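Each chain, written out:
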Amino acid sequence: DAKTTQPNSMESNEEEPVHLPCNHSTISGTDYIHWYRQLPSQGPEYVIHGLTSNVNNRMASLAIAEDRKSSTLILHRATLRDAAVYYCILRDTIGGTYKYIFGTGTRLKVLA
Amino acid sequence: GAGVSQTPSNKVTEKGKYVELRCDPISGHTALYWYRQSLGQGPEFLIYFQGTGAADDSGLPNDRFFAVRPEGSVSTLKIQRTERGDSAVYLCASSNLRGSKYTEAFFGQGTRLTVV
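Residues numbered from 1 in each chain as written. Chains lettered and ligands numbered in written order. Predicted model: local features only at pLDDT ≥ 70, side-chain atom pairs only at ≥ 80, totals over all residues. Heavy atoms only, no water.

What chain B contains, in helices and strands, is 0 helices and 13 strands. Relative to the globule expectation of 13 Å for 116 residues, the C-alpha radius of gyration of chain B, 14 Å, shows essentially globular dimensions. Taking the principal axes of the C-alpha coordinates as reference, chain B spans close to 45 × 25 × 25 Å. In chain B, which comprises 116 residues, the proportion classed as buried is 47%. Contacts in chain B between residues at least 24 apart in sequence constitute 54% of all its contacts with a sequence separation of at least 6. Roughly 5,700 Å² of accessible area belongs to chain B as shown, and the carbon and sulfur atoms make up 46% of that amount. (Helix = DSSP H or I, 4+ residues; strand = E, 2+ residues; numbered from the N terminus. Rg over C-alpha atoms; globule rule 2.2 N^0.38 Å. Buried < 20%, exposed > 50% of the residue type's maximum accessible area, 1.4 Å probe, protein only. Contact = heavy atoms within 4.5 Å. Areas by Shrake-Rupley, 256 points an atom, 1.4 Å probe, with all protein chains shown as cover.)

Turning our eyes to something else, we now look at the sheet that holds strand β5 (residues 55-56) of chain A. Residues and elements named next belong to chain A. On the basis of which strands lie adjacent, the open sheet formed by 4 strands has the order β2-β7-β6-β5 and antiparallel pairing. Each end of this open sheet is capped by a strand with a single partner; those strands are β2 (18-23) and β5. Relative to strand β7 (residues 70-75), β2 runs antiparallel, the two sharing 6 bridges. Each residue of the ladder has a partner; that of H19, found in β7, is I74. (Pairing = 2+ DSSP bridges.)

We now examine the interface of chain A and chain B. Each partner contributes residues to the interface: chain A has 19 residues there, and chain B has 22 residues. Both faces combined, the contact of chain A with chain B buries some 1,600 Å², and carbon together with sulfur accounts for 53% of it. Counting across the interface, chain A meets chain B through 1 salt bridge. In this structure, D56 of chain B and K99 of chain A form a salt bridge, with 3.0 Å as the shortest nitrogen-oxygen distance. Our count for the contact surface shared by chain A and chain B stands at 7 residue pairs in polar contact (both at pLDDT 80 or more). Among the elements of the structure, β3 (31-38) and β8 (84-92) of chain A are those that each provide at least two residues to the side of chain A that touches chain B. Ranked by residue count, the leading element in the side of chain A that touches chain B is β3 of chain A, at 3 residues. Of the residues in the side of chain A that touches chain B, the class split is 9 nonpolar, 8 polar and 2 charged. (Buried area = accessible area lost by both parts, 1.4 Å probe. Salt bridge = Lys/Arg side-chain N within 4 Å of Asp/Glu carboxyl O. Polar contact = N/O pair within 3.5 Å; in protein donor to acceptor, adjacent residues only side chain to side chain. Nonpolar A, V, L, I, M, F, W, Y, C, P; charged D, E, K, R; others polar.)

What follows is the structure, given as structure tokens:
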């Protein structure tokens, strides 16, 4: 399974943008890049996913490098509710293998 | 609508006992996943069902762990002869097919298992 590398922790001030990086140098052509976040005492929650092009939704934006070896999750205005562990995951869809392999993620701290 | 429901939310059991953890996925979701999460770690994959069959059980740590999904909806994770190292939060998730691709996974709140 292709692996991802993320910083253990990051801090941001409230109402400022946050850029959460992820390296995935061994990504294959069929791997989608998924981001989930986990608030304290909750199950993981879907944030966004993409394959090659940058993606936007109501929660965040996903910027994918041209060579797909890295990506960045962008929270445009961090709030205290965004404090969570953010996981960058490669999801293989070849041969019906749809499982997510989580790493240790990035713990985001938002300062008031 | 209702999300993924896991019961019980907390379970304390004695070492050596048998436990069952239940997962009710979102209605109609064909894929169901089990994960376990230890403190400070990311969720660890255990098993994944497509419909009634286990499509990938490569994450089950040993033969004390078993999961079923007999009718393609509710799933039960069964742990025999529990050990203290089995203590963790057990997470269940479900997702659905849209065209030829699965949608994002929706996770339950988890069952916190403590083996004493």
